[in-house]
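A look at the structure
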Amino acid sequence: MAKMAASVVVESGEDVFRKMFKFYKRRDPPPDLREVTDFSSGAASGGKIVPVKLDPAAVSDEEAACVGLQPIRNWRAFGLQGYPGFIFISNPFLRGSQAFWVRQCLKTYPQKPNVCNLDMHMSPSDTQDIWARSVQALRTPASVKRQPKTLLERLRWVTLGYHYNWDTKTYSANSYTPFPADLQMLSVRITLACGFPGFNSEAAILNYYRSDSSLGIHVDESELDHSRPLLSFGQSSIFLLGGPHRQDPPTAMFMHSGDVMLMSGQSRLLYHAVPRILPALPQRATLLEELSCASALQTGSVLEPVSQEDWDVCSRYIQSSRVNVTVRQVLGPGQRFPEEPKSALQPRDEGQTVGCHDDGNSGKRKRTCSDPVETIET
Ligand SMILES: O=C(O)CCC(=O)C(=O)O
Ligand SMILES: [Fe+2]
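Residue numbers restart at each chain and count upward from 1, following the sequence in its written direction. Lettering of chains starts at A and numbering of ligands starts at 1, both following the order in which they are written. Thresholds applied to this predicted model are a pLDDT of at least 70 for local features of residues and 80 or more for the giving and counting of side-chain atom pairs; totals over whole chains, interfaces and linings are not thresholded and use all residues. Excluding hydrogens and water, the side-chain figures rest on all heavy atoms present in the structure.

A few points about the coordination of the iron ion (ligand 2)
Applicable threshold: In this description, a donor is an N, O or S atom within 2.8 Å of the metal centre, a cutoff extended to 3.2 Å for sodium, potassium and calcium. Water is not part of the atom list, which can make sites seem incomplete. Strands are runs of DSSP state E lasting at least 2 residues, helices are runs of H or I lasting at least 4, and numbering of each runs from the N terminus.
Taken together, His218 (NE2), Asp220 (OD) and His272 (NE2) make up the protein donors of the iron ion (ligand 2), found 2.1 to 2.2 Å from the metal. In the primary structure, the donors to the iron ion (ligand 2) are separated according to the pattern H-x1-D-x51-H. Pair noted here: Asp220 is in the loop between strand 9 (215-218) and strand 10 (230-234) and His272 is in strand 14 (residues 272-277), with a separation of 52 residues, a long-range link.

Concerning the packing of helix 4 (residues 130-139) against helix 8 (residues 308-319)
Under the convention used in this document: Note on geometry: axes are lines fitted to C-alpha atoms, helical ones only across the stretch in contact, with angles between N-to-C directions running from 0 to 180 degrees. Under this scheme an angle from 65 to 115 degrees is roughly perpendicular, one under 35 degrees roughly parallel, and one over 145 degrees roughly antiparallel; angles in between are oblique. We call two residues in contact when some of their heavy atoms are within 4.5 Å. Amino acid classes used here: Ala, Val, Leu, Ile, Met, Phe, Trp, Tyr, Cys and Pro are nonpolar; Asp, Glu, Lys and Arg are charged; the rest, including Gly, are polar.
Between helix 4 and helix 8, the shortest axis-to-axis distance is 10 Å and the interhelical angle comes to 75°. Considering their axes alone, helix 4 and helix 8 lie roughly perpendicular with respect to each other. On the side of helix 4, the interface is formed by Trp131, Val135, Leu138 and Arg139, while helix 8 contributes Glu309, Asp310, Val313, Cys314 and Arg316. Among the residues making up the contact of helix 4 with helix 8, the classes are represented as five nonpolar, no polar and four charged.

Side note on the confidence of the model for the chain
Put simply, the rule reads: Scored from 0 to 100, pLDDT reflects the predictor's confidence in each residue.
Mean pLDDT over the chain works out to 86, with 81% of the residues at or above the 70 mark. This model gives residues 344-378 a pLDDT under 50, and the stretch forms 122 contacts once residues within four places in sequence are excluded.

Digging into the pattern of salt bridges
Under the convention used in this document: Here, a salt bridge means any side-chain nitrogen of Lys or Arg that lies within 4 Å of a carboxyl oxygen of Asp or Glu. Remark: exposure states derive from per-residue accessible area (1.4 Å probe, protein chains only) relative to the maximum for the residue type, with buried under 20%, exposed over 50%, and partly exposed in between.
According to the stated counting rule, one finds 10 salt bridges in the structure shown. Residue Asp15 is joined to Arg246 by a salt bridge in which the shortest nitrogen-to-oxygen separation is 3.3 Å. Here Asp15, found in the loop between strand 2 (8-10) and helix 1 (16-25), pairs with Arg246, found in the loop between strand 11 (237-241) and strand 12 (251-255); they are 231 residues apart in sequence, far enough to count as distant. Each member of the pair, Asp15 as well as Arg246, is classed as buried. The partner of Glu304 in a salt bridge is Arg103, and the shortest N-O contact between them spans 3.0 Å. One end of the pair, Glu304, is in the loop between helix 7 (286-293) and helix 8; the other, Arg103, is in helix 3 (residues 97-108), and 201 residues separate them in sequence. Among the charged side chains, a network of salt bridges with common partners joins Arg103, Lys107, Glu304 and Asp310.

And the structure:
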(Lines give C-alpha, C1' and ligand atoms only; values in the text may rest on other atoms or scores of the structure.)
(Ligands and ions follow the chains in the order given, each with its own letter.)
Protein backbone atom coordinates (compact mmCIF):
# COMPACT_ATOMS: atom_id res chain seq x y z
CA MET A 1 0.00 0.00 0.00
CA ALA A 2 1.50 3.34 -1.00
CA LYS A 3 0.62 6.81 0.18
CA MET A 4 0.54 9.03 -2.90
CA ALA A 5 -0.75 12.39 -1.78
CA ALA A 6 -2.68 13.60 1.20
CA SER A 7 -5.54 11.15 1.57
CA VAL A 8 -4.84 9.23 -1.64
CA VAL A 9 -4.02 5.72 -0.53
CA VAL A 10 -3.34 3.33 -3.36
CA GLU A 11 -3.45 -0.43 -3.08
CA SER A 12 -0.68 -2.17 -4.98
CA GLY A 13 -1.87 -3.17 -8.45
CA GLU A 14 -4.41 -0.37 -8.54
CA ASP A 15 -4.16 2.14 -11.34
CA VAL A 16 -2.25 4.80 -9.46
CA PHE A 17 -2.29 7.42 -12.19
CA ARG A 18 -6.01 7.15 -12.67
CA LYS A 19 -6.58 7.38 -8.95
CA MET A 20 -4.43 10.50 -8.66
CA PHE A 21 -6.21 12.02 -11.64
CA LYS A 22 -9.58 11.52 -10.00
CA PHE A 23 -8.29 12.81 -6.68
CA TYR A 24 -7.13 16.12 -8.15
CA LYS A 25 -10.17 16.47 -10.37
CA ARG A 26 -12.62 16.07 -7.51
CA ARG A 27 -15.00 18.97 -6.83
CA ASP A 28 -16.65 18.08 -3.57
CA PRO A 29 -14.79 18.14 -1.31
CA PRO A 30 -11.96 19.85 -3.19
CA PRO A 31 -8.61 18.04 -2.98
CA ASP A 32 -5.88 18.82 -0.50
CA LEU A 33 -3.13 20.47 -2.57
CA ARG A 34 -0.43 20.35 0.09
CA GLU A 35 1.45 17.57 -1.67
CA VAL A 36 1.54 19.27 -5.04
CA THR A 37 5.11 20.17 -5.98
CA ASP A 38 5.53 23.91 -6.36
CA PHE A 39 8.62 24.91 -8.33
CA SER A 40 8.17 28.58 -7.48
CA SER A 41 8.45 28.00 -3.73
CA GLY A 42 10.11 24.58 -3.59
CA ALA A 43 7.13 23.35 -1.54
CA ALA A 44 6.21 19.65 -1.40
CA SER A 45 9.06 18.63 -3.66
CA GLY A 46 10.54 16.07 -1.28
CA GLY A 47 13.97 17.45 -2.23
CA LYS A 48 13.46 16.30 -5.82
CA ILE A 49 13.76 19.75 -7.44
CA VAL A 50 17.21 20.40 -8.88
CA PRO A 51 18.40 23.63 -10.46
CA VAL A 52 19.09 23.46 -14.21
CA LYS A 53 21.85 25.60 -15.70
CA LEU A 54 20.90 27.33 -18.91
CA ASP A 55 23.22 29.02 -21.37
CA PRO A 56 22.66 32.76 -20.85
CA ALA A 57 24.68 33.55 -23.97
CA ALA A 58 22.51 31.40 -26.26
CA VAL A 59 19.93 34.18 -26.57
CA SER A 60 20.78 37.87 -26.17
CA ASP A 61 18.76 40.06 -23.81
CA GLU A 62 17.41 41.88 -26.85
CA GLU A 63 16.35 38.69 -28.62
CA ALA A 64 14.63 37.52 -25.46
CA ALA A 65 12.82 40.83 -24.96
CA CYS A 66 11.61 40.82 -28.57
CA VAL A 67 9.40 37.84 -27.79
CA GLY A 68 8.51 39.03 -24.29
CA LEU A 69 11.06 37.01 -22.30
CA GLN A 70 13.30 38.10 -19.46
CA PRO A 71 17.09 37.88 -19.91
CA ILE A 72 18.04 34.20 -19.73
CA ARG A 73 20.34 34.80 -16.73
CA ASN A 74 17.26 35.77 -14.70
CA TRP A 75 15.29 32.60 -15.52
CA ARG A 76 14.71 30.12 -12.73
CA ALA A 77 14.92 26.71 -14.40
CA PHE A 78 14.54 23.38 -12.64
CA GLY A 79 14.67 19.67 -13.23
CA LEU A 80 13.02 16.95 -11.22
CA GLN A 81 14.93 13.94 -9.94
CA GLY A 82 13.72 10.81 -11.68
CA TYR A 83 12.65 12.74 -14.80
CA PRO A 84 15.77 13.31 -16.93
CA GLY A 85 15.11 15.81 -19.71
CA PHE A 86 12.16 17.47 -17.99
CA ILE A 87 12.79 21.22 -17.60
CA PHE A 88 10.48 23.56 -15.72
CA ILE A 89 10.98 27.33 -16.06
CA SER A 90 9.18 29.52 -13.55
CA ASN A 91 7.42 32.22 -15.54
CA PRO A 92 10.25 33.63 -17.71
CA PHE A 93 7.98 36.24 -19.33
CA LEU A 94 8.55 39.96 -18.94
CA ARG A 95 5.85 41.64 -16.93
CA GLY A 96 3.03 42.53 -19.25
CA SER A 97 4.09 40.38 -22.20
CA GLN A 98 1.74 37.56 -21.29
CA ALA A 99 -1.15 39.82 -22.25
CA PHE A 100 0.11 39.71 -25.84
CA TRP A 101 0.34 35.91 -25.94
CA VAL A 102 -3.11 35.53 -24.38
CA ARG A 103 -4.53 37.90 -26.97
CA GLN A 104 -2.85 35.93 -29.78
CA CYS A 105 -4.41 32.71 -28.46
CA LEU A 106 -7.89 34.20 -28.23
CA LYS A 107 -8.01 36.65 -31.12
CA THR A 108 -5.37 35.75 -33.72
CA TYR A 109 -4.58 32.04 -33.73
CA PRO A 110 -8.22 30.86 -33.96
CA GLN A 111 -8.48 32.70 -37.30
CA LYS A 112 -8.35 30.91 -40.64
CA PRO A 113 -6.39 29.20 -42.09
CA ASN A 114 -5.81 27.63 -38.68
CA VAL A 115 -8.16 24.80 -37.72
CA CYS A 116 -10.36 24.57 -34.64
CA ASN A 117 -12.95 22.25 -33.12
CA LEU A 118 -15.80 24.45 -34.38
CA ASP A 119 -14.77 23.69 -37.99
CA MET A 120 -15.82 20.11 -37.42
CA HIS A 121 -19.50 20.98 -37.48
CA MET A 122 -19.67 24.55 -38.82
CA SER A 123 -18.91 26.01 -42.23
CA PRO A 124 -15.70 28.02 -42.68
CA SER A 125 -17.73 31.22 -43.13
CA ASP A 126 -19.34 30.69 -39.72
CA THR A 127 -16.00 30.17 -38.00
CA GLN A 128 -14.32 32.97 -39.96
CA ASP A 129 -13.98 35.46 -37.14
CA ILE A 130 -14.60 33.86 -33.79
CA TRP A 131 -13.33 36.88 -31.88
CA ALA A 132 -15.46 39.49 -33.65
CA ARG A 133 -18.56 37.32 -33.28
CA SER A 134 -17.98 36.86 -29.56
CA VAL A 135 -16.70 40.10 -28.09
CA GLN A 136 -19.95 41.97 -27.82
CA ALA A 137 -21.59 39.26 -25.75
CA LEU A 138 -18.42 38.79 -23.69
CA ARG A 139 -18.45 42.47 -22.78
CA THR A 140 -21.98 42.15 -21.40
CA PRO A 141 -21.85 42.48 -17.61
CA ALA A 142 -21.77 39.10 -15.87
CA SER A 143 -24.97 40.02 -14.03
CA VAL A 144 -26.94 40.01 -17.30
CA LYS A 145 -27.86 36.46 -18.23
CA ARG A 146 -27.15 35.76 -21.85
CA GLN A 147 -27.68 32.78 -24.12
CA PRO A 148 -26.27 30.99 -26.00
CA LYS A 149 -22.53 30.57 -25.45
CA THR A 150 -20.29 32.62 -27.74
CA LEU A 151 -18.01 30.91 -30.26
CA LEU A 152 -15.03 31.86 -28.10
CA GLU A 153 -16.60 30.10 -25.15
CA ARG A 154 -17.18 27.04 -27.34
CA LEU A 155 -13.61 26.98 -28.60
CA ARG A 156 -11.80 23.86 -27.31
CA TRP A 157 -8.74 23.51 -29.50
CA VAL A 158 -6.90 25.19 -32.33
CA THR A 159 -4.16 23.53 -34.37
CA LEU A 160 -1.33 25.37 -36.13
CA GLY A 161 1.21 24.29 -38.73
CA TYR A 162 0.78 20.58 -39.41
CA HIS A 163 -2.78 20.11 -38.20
CA TYR A 164 -3.15 17.19 -35.89
CA ASN A 165 -5.75 14.71 -37.11
CA TRP A 166 -7.58 13.57 -33.99
CA ASP A 167 -9.15 10.58 -35.74
CA THR A 168 -6.04 9.01 -37.21
CA LYS A 169 -3.75 10.52 -34.54
CA THR A 170 -1.33 11.60 -37.25
CA TYR A 171 0.04 14.66 -38.95
CA SER A 172 0.39 14.74 -42.70
CA ALA A 173 2.07 16.76 -45.42
CA ASN A 174 -1.23 17.69 -47.05
CA SER A 175 -2.75 19.25 -43.93
CA TYR A 176 -0.41 22.15 -43.30
CA THR A 177 -0.75 25.92 -43.07
CA PRO A 178 2.07 28.36 -42.24
CA PHE A 179 3.10 28.30 -38.59
CA PRO A 180 2.78 31.75 -36.93
CA ALA A 181 6.15 33.53 -37.09
CA ASP A 182 5.82 35.07 -33.62
CA LEU A 183 5.17 31.74 -31.90
CA GLN A 184 7.97 30.13 -33.89
CA MET A 185 10.36 32.86 -32.69
CA LEU A 186 9.28 32.43 -29.06
CA SER A 187 9.66 28.64 -29.25
CA VAL A 188 13.06 28.79 -30.91
CA ARG A 189 14.41 31.17 -28.28
CA ILE A 190 13.12 29.16 -25.34
CA THR A 191 14.44 25.87 -26.71
CA LEU A 192 17.78 27.47 -27.61
CA ALA A 193 18.20 28.74 -24.05
CA CYS A 194 17.49 25.21 -22.84
CA GLY A 195 20.23 23.71 -25.01
CA PHE A 196 18.25 22.63 -28.10
CA PRO A 197 19.55 24.53 -31.13
CA GLY A 198 17.73 24.03 -34.43
CA PHE A 199 14.26 23.43 -32.99
CA ASN A 200 11.64 23.81 -35.68
CA SER A 201 8.11 24.66 -34.55
CA GLU A 202 6.07 22.70 -37.04
CA ALA A 203 2.84 22.08 -35.16
CA ALA A 204 1.02 23.41 -32.14
CA ILE A 205 -2.08 22.40 -30.27
CA LEU A 206 -3.82 25.11 -28.28
CA ASN A 207 -6.18 23.79 -25.64
CA TYR A 208 -8.98 25.96 -24.27
CA TYR A 209 -10.29 24.68 -20.96
CA ARG A 210 -13.35 25.74 -19.01
CA SER A 211 -12.93 25.83 -15.23
CA ASP A 212 -14.20 22.24 -14.86
CA SER A 213 -12.40 20.77 -17.89
CA SER A 214 -9.49 18.40 -17.69
CA LEU A 215 -7.15 16.63 -20.07
CA GLY A 216 -6.88 12.87 -19.71
CA ILE A 217 -3.80 10.70 -19.32
CA HIS A 218 -1.85 10.55 -22.57
CA VAL A 219 1.51 10.55 -24.32
CA ASP A 220 2.32 12.85 -27.23
CA GLU A 221 3.84 10.36 -29.61
CA SER A 222 2.35 11.25 -32.99
CA GLU A 223 5.32 13.41 -33.94
CA LEU A 224 7.73 11.43 -36.12
CA ASP A 225 10.87 12.69 -34.39
CA HIS A 226 10.93 12.32 -30.61
CA SER A 227 14.48 13.58 -30.21
CA ARG A 228 13.15 17.15 -30.20
CA PRO A 229 11.57 18.64 -27.08
CA LEU A 230 7.89 19.35 -26.61
CA LEU A 231 7.30 22.85 -25.31
CA SER A 232 4.28 23.81 -23.22
CA PHE A 233 3.14 27.04 -21.61
CA GLY A 234 -0.13 28.49 -20.44
CA GLN A 235 -2.19 29.34 -17.45
CA SER A 236 -2.58 27.80 -14.03
CA SER A 237 -3.39 24.13 -13.53
CA ILE A 238 -2.36 20.99 -11.74
CA PHE A 239 -0.18 18.91 -14.00
CA LEU A 240 0.48 15.21 -13.46
CA LEU A 241 3.74 13.89 -14.85
CA GLY A 242 3.95 10.12 -14.92
CA GLY A 243 6.44 7.62 -16.25
CA PRO A 244 6.99 5.74 -19.48
CA HIS A 245 4.28 3.25 -18.53
CA ARG A 246 0.64 4.09 -18.08
CA GLN A 247 0.59 2.65 -14.56
CA ASP A 248 3.64 4.53 -13.25
CA PRO A 249 2.74 6.81 -10.33
CA PRO A 250 2.77 10.48 -11.37
CA THR A 251 4.16 13.57 -9.64
CA ALA A 252 1.58 16.33 -9.17
CA MET A 253 2.88 19.83 -9.78
CA PHE A 254 1.51 23.34 -9.99
CA MET A 255 1.77 25.00 -13.34
CA HIS A 256 1.34 28.68 -12.61
CA SER A 257 0.35 31.14 -15.26
CA GLY A 258 3.38 31.83 -17.49
CA ASP A 259 5.40 28.79 -16.41
CA VAL A 260 7.05 26.91 -19.25
CA MET A 261 7.74 23.18 -19.43
CA LEU A 262 9.97 21.26 -21.78
CA MET A 263 9.65 17.52 -22.14
CA SER A 264 12.83 16.32 -23.78
CA GLY A 265 15.17 13.34 -23.86
CA GLN A 266 13.91 10.50 -21.68
CA SER A 267 10.99 12.66 -20.54
CA ARG A 268 9.71 13.36 -24.04
CA LEU A 269 7.39 10.35 -24.06
CA LEU A 270 6.15 10.35 -20.49
CA TYR A 271 2.47 9.98 -19.64
CA HIS A 272 0.90 13.18 -18.41
CA ALA A 273 -2.49 14.75 -17.70
CA VAL A 274 -4.20 17.93 -16.49
CA PRO A 275 -6.84 16.94 -13.93
CA ARG A 276 -7.62 20.44 -12.71
CA ILE A 277 -7.66 24.03 -13.87
CA LEU A 278 -6.80 26.63 -11.24
CA PRO A 279 -8.45 30.06 -11.15
CA ALA A 280 -6.47 32.88 -12.69
CA LEU A 281 -5.30 35.63 -10.38
CA PRO A 282 -6.69 39.00 -11.37
CA GLN A 283 -4.17 40.77 -13.62
CA ARG A 284 -3.35 44.28 -12.67
CA ALA A 285 -4.14 46.91 -15.28
CA THR A 286 -0.60 48.24 -14.96
CA LEU A 287 0.69 45.09 -16.65
CA LEU A 288 -0.75 46.35 -19.89
CA GLU A 289 0.89 49.72 -19.57
CA GLU A 290 4.21 48.04 -18.95
CA LEU A 291 3.78 46.07 -22.14
CA SER A 292 3.08 49.10 -24.28
CA CYS A 293 6.02 51.09 -22.99
CA ALA A 294 8.69 48.42 -22.59
CA SER A 295 9.36 45.39 -24.76
CA ALA A 296 6.67 46.10 -27.33
CA LEU A 297 8.53 49.16 -28.52
CA GLN A 298 11.88 47.42 -28.88
CA THR A 299 13.20 47.17 -32.44
CA GLY A 300 12.37 43.80 -33.96
CA SER A 301 9.84 42.98 -31.28
CA VAL A 302 7.01 40.66 -32.29
CA LEU A 303 4.91 42.03 -29.44
CA GLU A 304 2.26 44.56 -30.26
CA PRO A 305 0.50 46.61 -27.64
CA VAL A 306 -2.78 45.06 -26.53
CA SER A 307 -5.60 47.60 -26.50
CA GLN A 308 -7.55 48.08 -23.30
CA GLU A 309 -10.66 46.99 -25.22
CA ASP A 310 -9.10 43.68 -26.25
CA TRP A 311 -7.66 43.13 -22.80
CA ASP A 312 -11.05 43.61 -21.16
CA VAL A 313 -12.35 40.63 -23.16
CA CYS A 314 -9.22 38.51 -22.61
CA SER A 315 -9.14 39.11 -18.88
CA ARG A 316 -12.84 38.31 -18.58
CA TYR A 317 -12.28 35.09 -20.55
CA ILE A 318 -9.33 33.87 -18.48
CA GLN A 319 -11.20 34.40 -15.23
CA SER A 320 -13.18 31.25 -16.00
CA SER A 321 -11.02 29.48 -18.56
CA ARG A 322 -7.49 28.36 -19.25
CA VAL A 323 -5.44 28.43 -22.43
CA ASN A 324 -2.38 26.27 -22.96
CA VAL A 325 -0.06 26.03 -25.96
CA THR A 326 2.08 23.01 -26.82
CA VAL A 327 4.59 23.43 -29.61
CA ARG A 328 6.02 20.41 -31.38
CA GLN A 329 8.62 19.59 -33.99
CA VAL A 330 7.04 16.87 -36.10
CA LEU A 331 9.84 15.84 -38.48
CA GLY A 332 13.54 15.39 -37.88
CA PRO A 333 16.05 17.17 -40.12
CA GLY A 334 15.58 15.90 -43.68
CA GLN A 335 12.75 13.60 -42.62
CA ARG A 336 9.55 13.30 -44.68
CA PHE A 337 6.12 11.93 -44.05
CA PRO A 338 5.66 8.39 -45.30
CA GLU A 339 3.89 8.19 -48.67
CA GLU A 340 0.13 8.09 -48.19
CA PRO A 341 -2.02 5.87 -50.35
CA LYS A 342 -4.15 8.01 -52.68
CA SER A 343 -7.38 7.01 -50.95
CA ALA A 344 -6.06 8.25 -47.60
CA LEU A 345 -5.45 11.78 -48.83
CA GLN A 346 -8.00 14.08 -47.29
CA PRO A 347 -8.62 17.57 -48.58
CA ARG A 348 -8.19 20.17 -45.86
CA ASP A 349 -11.57 21.80 -46.37
CA GLU A 350 -13.38 18.59 -45.54
CA GLY A 351 -12.45 19.15 -41.95
CA GLN A 352 -10.53 16.00 -41.30
CA THR A 353 -8.49 17.38 -38.43
CA VAL A 354 -10.97 16.40 -35.82
CA GLY A 355 -9.99 16.83 -32.25
CA CYS A 356 -11.63 16.38 -28.99
CA HIS A 357 -10.61 15.00 -25.69
CA ASP A 358 -8.62 12.14 -24.36
CA ASP A 359 -10.57 9.18 -23.10
CA GLY A 360 -7.88 8.63 -20.49
CA ASN A 361 -7.73 4.93 -21.14
CA SER A 362 -6.00 4.36 -24.44
CA GLY A 363 -2.91 6.22 -23.35
CA LYS A 364 -3.03 7.99 -26.67
CA ARG A 365 -4.58 11.30 -27.42
CA LYS A 366 -8.12 10.46 -28.39
CA ARG A 367 -10.99 12.86 -28.19
CA THR A 368 -14.61 12.40 -29.05
CA CYS A 369 -15.85 14.82 -31.62
CA SER A 370 -19.33 15.62 -30.49
CA ASP A 371 -18.28 17.06 -27.17
CA PRO A 372 -14.84 18.42 -27.81
CA VAL A 373 -12.88 19.57 -24.84
CA GLU A 374 -15.23 19.09 -21.96
CA THR A 375 -14.45 17.01 -18.96
CA ILE A 376 -12.64 13.81 -19.79
CA GLU A 377 -13.49 10.75 -17.82
CA THR A 378 -10.63 8.49 -16.91
O1 LIG B 1 -2.70 21.85 -21.05
C2 LIG B 1 -1.63 21.39 -20.67
O3 LIG B 1 -0.98 21.86 -19.73
C4 LIG B 1 -1.05 20.17 -21.35
C5 LIG B 1 -1.52 19.99 -22.76
C6 LIG B 1 -1.04 18.73 -23.33
O7 LIG B 1 -0.54 17.85 -22.69
C8 LIG B 1 -1.19 18.52 -24.78
O9 LIG B 1 -1.79 19.37 -25.48
O10 LIG B 1 -0.71 17.50 -25.26
FE1 LIG C 1 0.32 16.31 -23.92
